Amino acid sequence: MTDERNYWLDKPENVSTLYRGLWALGAVLVLLDLAVHRHEESAFAELFGFFGLYGFVACVALVLTAKLLRRGVMRPEDYYGDR
Amino acid sequence: MIAEFPAGFVLIGAGLAAPLVPRALRGALAIAAPLVAFALLLSIDSGDRLEVEAFGFVLQLVRADRLSLAFGYVFVIATVLYAIFAWEARDGFEQPAALVYAGSALCAVFAGDLLTLFVFWEISAVASALVVWARGTKRAFGAGMRYMVVQLVSGMLLAAGAAIRYAETGSLAFEFVGLGTPGGALILAAFGIKCAFPLLHNWLQDAYPESTPTGTVALSAFTTKLGIYALARGFAGTEVLIWIGTAMTAFPIFYAVIENDLRRVLAYSVNNQLGFMVVGIGLGTDLALNGAVAHAFADILFKLLLFMSMGAVLLRAGTVNGTDLGGLYKSMPWTAGFCMVGAASISAFPLFSAFVTKSMIMVSAAEQGYMWEWLVLLFASAGVFHHAGIKIPFFAFFAHDSGIRCKEAPPHMLIAMGLAAALCIGIGVFPDPLYSILPRPVEYLPYTASHVLSQLQLLVFSALAFSWLMRTGIYPPEMRSVNLDFDWTYRHLGVRLGAGAAEAIAALNAAAAAALAGAAQAAGALARRHHGAEGLLARTWTTGGMALWVAILLAAYLIVYYA
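Quantities reported herein were computed from a predicted structural model and do not represent experimental measurements.

(A) Representation of the overall build of chain A. Summing up its helical and strand segments, chain A has 2 helices and 1 strand in all. Along chain A, helices and strands appear, N-terminal first, in the series α-α-β. Rg of the C-alpha trace for chain A: 21 Å, well past the compact-globule value of 12 Å for 83 residues, more than 25% over. Overall size of chain A, expressed as C-alpha extent along the three principal axes, is 55 × 45 × 15 Å. Expressed as a percentage of the 83 residues in chain A, the buried residues total 17%.

Here you go:
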């Protein structure tokens, strides 16, 4: 198709705007910890920004571990000989 | 009597009749049958029973209580949504098989005794294997065969456990079982296979992605949730389930991150979500058990929606491999939107379904002092957003533009996805109707400032981690590959061992044959030496020689006689 529409997300600078907006949203949510006293079952979960930090670290750890896992378990697509 | 008629029979009957009905009416029949079943369910109350006598037993075909009714409602809703989504799949045997499958799962949920449960357990296993085979490919056949073997093993374990139970207690009633009672361990193993416990899970990732675009939708709804239902009835409060469930939430997500087939990614996330329910059942408190049932209810709907969106992509784009997709939001904006509703629901965003269901399990785990387990569940909650909430819509609909330009999903699929999406949001925004049908009486308020804020922090920073890893290039690219999981033991090691054993047997066989042949040859040679043409015993003797031998014998005779 030659008469392709231009989409907002096609422009890299718009994606960057989105990315920066997400960081801003994250900052606001963490700062809200100062205004809202969260009630949790354990004291450590009530620490400032606990859930934000945990979520970020958890996901980075998840991806890095999965990358390592690939070294052990990745095989060619026809490994089981049925493709 | 009419009221207690087993609603599952309506679906099984419709499935069996479907091939005989004119093609034009088949789709309507598939939609009407679950609606009739739903009406039947609405007319029965907790406490209703239907008993029949068969095989010398009193069998309880219907035992309605709040637990079975909650699963019953969501099973018929799932069947309606499947029937709309699979409107065009009227020609093959998939749709009839799916109706029989749904109906038998529904009957199993209402079974009041272990024998009835076993019968419908097995019918649903066979019917669902037919749904897998409906794809018609060699891979689907193999996966369906492995799937059926695993499901039938589950049935055998259930039958063995029930038999031991009957011999020891004289009762077949399906109530609380527990690990310490006769046959309890066998029955737990049977349920564990259906719930895809760790190491018993691979049938799920194996079979679901090999089915048709519509068939996987049906498969995702019933088998594993039947397992969860049975576990909730038989093993609530069994502590070991807390650890089994915690492991289930965590380990599949590593595989989900590196898997290329997006329907297989979803299959891993089925595993992860089941883990939360298993934890809830293991905790066994009123809140946790309600959480497990509510989460099963919500999960059926958002998993249906996610598999529908990937089914629509497979239908239109011809593939669901992350490596081949990207940029599809331009061609399939509605499907992309519905997929993101499913993604937000499974990720437990506020105003979406899992936010009001999964949190009951999390809160209960923390309240009971299972802090390490709670931390793992929190890790898995971030992880599910990462691999199902972001990865699925991102690689299918956004990422780099693959250049694929296709048609939007057909209207009937969009209607089914729209209804499922509406239910996911409806439960998230108005949780009270769902709470009112849960088995235990409990007060729970999901929308507190604490809960909303902590969940949003968790999710937004998970999204930031994903974006950061993407933009820095650390995120592992999608790759065409097979990732070895526990099924390697029976798909490769077992096959190798089998082949090795066969080779060893063949070698032994050859050696034995050679030895036998050698012995036979030696015996032959011996015989030839003595009896052959030139053999000692075959020579023609001379007359003189004969006379001499006769003379010697006579002489010997005379000597012996006179001696």
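(B) Summary view of the nonpolar core. Residue and element names in this part refer to chain B. Residues L106, L304, L305, M308 and A420 are the most contacted members of the largest nonpolar core, which totals 212 residues. The element contributing the most residues to this core is helix α12 (residues 286–317), with 22 residues. Formed jointly, this core draws a minimum of three residues from each of two domains, domain 1 (1–233) and domain 2 (236–478). When neighbours within four sequence positions are excluded, A420 is seen to be in contact with L81, L301, L304, L305 and M308.

(C) Fine view of helix α16 (residues 411–429) of chain B. Residue and element names in this part refer to chain B. The terminal C-alpha atoms of α16 lie 26 Å apart, and with 19 residues this matches the ideal 27 Å at 1.5 Å per residue to within 8%. Burial in α16 covers these residues: M413, L414, A416, M417, A420, A421, L423, C424, I427 and G428. Check the buried side of α16 and you find it contacts α3 (66–85), α12, α13 (333–346), α14 (353–367) and α17 (432–436).

(D) Spatial organisation of the domain arrangement of chain B. Residues and elements named next belong to chain B. By the assigned domains, chain B splits into domain 1 (1–233) and domain 2 (236–478). The distance between the C-alpha centroids of domain 1 and domain 2 comes to 24 Å. Taken together, the contact pairs 35 residues of domain 1 with 40 residues of domain 2. Of all elements in the fold, only α3, α8 (202–207) and α9 (215–235) reach the threshold of two or more residues within the side of domain 1 that touches domain 2. The element contributing the most residues to the side of domain 1 that touches domain 2 is α3, with 10 residues. Looking at the side of domain 1 that touches domain 2 residue by residue, the class counts come to 25 nonpolar, 7 polar and 3 charged.

(E) View of the interface of chain B and chain A. On the chain A side, the residues contacting the 44 residues of chain B number 40 residues. For the side of chain B that touches chain A, the secondary structure elements donating two or more residues are α6 (138–169), α10 (240–258), α14, α15 (371–397), α18 (449–472) and β3 (482–483) of chain B. The dominant element in the side of chain B that touches chain A, judged by the number of residues it contributes, is α18(B), at 18 residues. When grouped by side-chain class, the residues that make up the side of chain B that touches chain A number 26 nonpolar, 10 polar and 8 charged. Strand direction decides the pairing type here: strand β1 (residues 74–75) of chain A and β3(B), joined by 2 bridges, are antiparallel.

Scoring rules and cut-offs
- The written sequence of each chain sets the order in which its residues are numbered from 1.
- Whichever chain is written first becomes A and whichever ligand is written first becomes 1, with later ones labelled in order.
- The predicted origin of the model limits local features to residues at a pLDDT of at least 70 and limits the giving and counting of side-chain atom pairs to 80 or more, whereas totals for whole chains, interfaces and linings rest on all residues.
- Think of it this way: any DSSP run of H or I at least four residues long counts as a helix, any run of E at least two long counts as a strand, and we number them from the N terminus.
- Between the two quantities, the radius of gyration covers C-alpha atoms and the globule rule is 2.2 Å times the number of residues to the power 0.38.
- Whether a residue is buried, exposed or partly exposed follows from its count of other C-beta atoms within 10 Å of its own C-beta, namely 20 or more, 12 or fewer, or something in between, respectively; the C-beta atoms are built from the backbone.
- Throughout this description, the term nonpolar core refers to a group of buried Ala, Val, Leu, Ile, Met, Phe, Trp, Tyr and Cys residues whose C-beta atoms join them within 7 Å.
- Boundaries between domains were set according to an automatic or database domain assignment.
- The contact criterion used is a C-beta to C-beta distance within 7 Å, with each C-beta placed from the backbone.
- Take the number of residues in a helix, subtract one, and multiply by 1.5 Å to get its expected span.
- Polar here means any residue outside two lists: the nonpolar Ala, Val, Leu, Ile, Met, Phe, Trp, Tyr, Cys and Pro, and the charged Asp, Glu, Lys and Arg; Gly therefore counts as polar.
- When DSSP locates at least two bridges between a pair of strands, those strands are taken to pair.

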